[in-house]
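Listed here are the chains, written in short residue letters.
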Amino acid sequence: DEEPARIRSVNGFESWDGNLGPGNLNAWQCMGRAIRLAKEYGMGVVALRNTNHWMRAGTYGLQAARKNCIGICATNTTPNVPPWGGRDATVGNNPMVIAVPHDPYPILLDMAMSQFSYGKMEVLERLGKKLPVAGGFDRELRPTDEPGAILESGLAMPTGYWKGSALAMMIDLLVAILSGGSTTREIGEQDEEYAVSQVFMALDLEQLSDDEHRDGAIRAVIDSLIETRPVEPEGLVFYTGQQTWMRREENRSKGVPVDPQTWEEILALDQD
């Protein structure tokens, strides 16, 4: 029953306390508030503390893009990545999102600061599949493409090696300082991941950009990608977010796929 509450307001910036409510509802409300601030000031920023996992992060970037805003958001997490050169998981994989309005589907970056998200590794482990490249370390600190070994060790590899490690640290500072909330280290001192810190930004393109130039820039960037020669003879090169849009279209026509094991667990809950 908890809802987020505003605790500070400075022009286009606000900070909110999530009061440990549902993370996805808190995030939706705070990005919505950032969008409203952007429509008033050109740019809106909402920092959120004491919230919980926001589920699929790209949702909130798309929320802004559908209102003709560039959406940017980020969160910290419990420690689950070793800093480059370290033996212990003391950095979060701290996901970030950037979405740019585009028809028929916004250009969307939704990425964790680990080579693979833990959710993706859990799916591949259930399917008995390996990662396409090494995505973490086993208990002996050996790089491995076995998702189960990484889930057991809790040592995901930072994306871009030292670069991902550094970016994760900066995201942690950004969200914790602006929200007045917990850092990754403080979250890790708890039994479970909760009371995370997040930031939501919206930039209103109607006020901040010229339509003709923006559309030309987007078209130039996309064309440069999709016209690139693929490595594989029958391969394709996609712009970021394009495959997400394709999967959504397929799910709309065929239904949303559900992992059979997960579905059986849900049915078992009903029997209890």
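Being a predicted model, the structure only gives us computed values, none of them experimental.

*Asks:* Please explain the nonpolar core as it appears in this structure.
*Replies:* One recurring pattern in soluble globular proteins is that nonpolar side chains are buried together. Judged by nonpolar contacts, the single largest core of 24 residues is most densely connected at M31, W54, Y60, C73 and F200. For this core, the element with the highest residue contribution is helix α1 (residues 23-41), accounting for 7 residues. In this structure, C73 is in contact with M31, W54, A57, Y60, G61, P95, M96, V97, V199 and F200, ignoring residues within four places of it in sequence. Counting 20 residues, the second-largest nonpolar core is a separate cluster that includes A74, M121, L124 and L131.

*Asks:* What am I meant to see in unusual backbone geometry here?
*Replies:* A negative phi angle is the norm for most residues apart from glycine, just as the trans form is the norm for most peptide bonds. Here the residue pair D103 and P104 is connected by a cis peptide bond, since its omega of 15° sits within 30 degrees of zero. Inspection of the secondary structure puts P104 in the loop between β5 (96-100) and β6 (107-111). Backbone geometry places N11, a non-glycine residue, at a positive phi of 55°. Relative to the helices and strands, N11 is located in the loop between β1 (5-10) and β2 (13-17). With a phi angle near 65°, M55 is a residue other than glycine that sits in the positive phi range. Assignment of secondary structure puts M55 in the loop between β3 (43-51) and α2 (58-65).

*Asks:* Got a minute to help me understand the packing of α1 against α2 in this structure?
*Replies:* The geometry of a pair of packed helices is captured by two quantities: the angle between their axes and the separation between those axes. Close contact between α1 and α2 brings their axes to 10 Å; oriented N to C, the two are set at 25°. With respect to α2, the element α1 is oriented roughly parallel. The handedness of the crossing between α1 and α2 is right-handed. The residues of α2 that touch α1, namely those facing N24, A27, W28, M31, G32 and I35, are T59, Y60, Q63 and A64. Of the residues contributing to the contact of α1 with α2, the split by class is 6 nonpolar, 4 polar and no charged.

Thresholds applied
- Residues numbered from 1 in each chain as written.
- Predicted model: local features only at pLDDT ≥ 70, side-chain atom pairs only at ≥ 80, totals over all residues.
- Heavy atoms only, no water.
- Core = buried A, V, L, I, M, F, W, Y, C linked by side-chain atoms within 4.5 Å.
- Buried < 20%, exposed > 50% of the residue type's maximum accessible area, 1.4 Å probe, protein only.
- Helix = DSSP H or I, 4+ residues; strand = E, 2+ residues; numbered from the N terminus.
- Contact = heavy atoms within 4.5 Å.
- Axes fitted to C-alpha atoms, helices over the stretch in contact; angles between N-to-C directions.
- Parallel < 35°, antiparallel > 145°, perpendicular 65-115°, else oblique.
- Left-handed = near helix turned anticlockwise from the far one by under 90°.
- Nonpolar A, V, L, I, M, F, W, Y, C, P; charged D, E, K, R; others polar.

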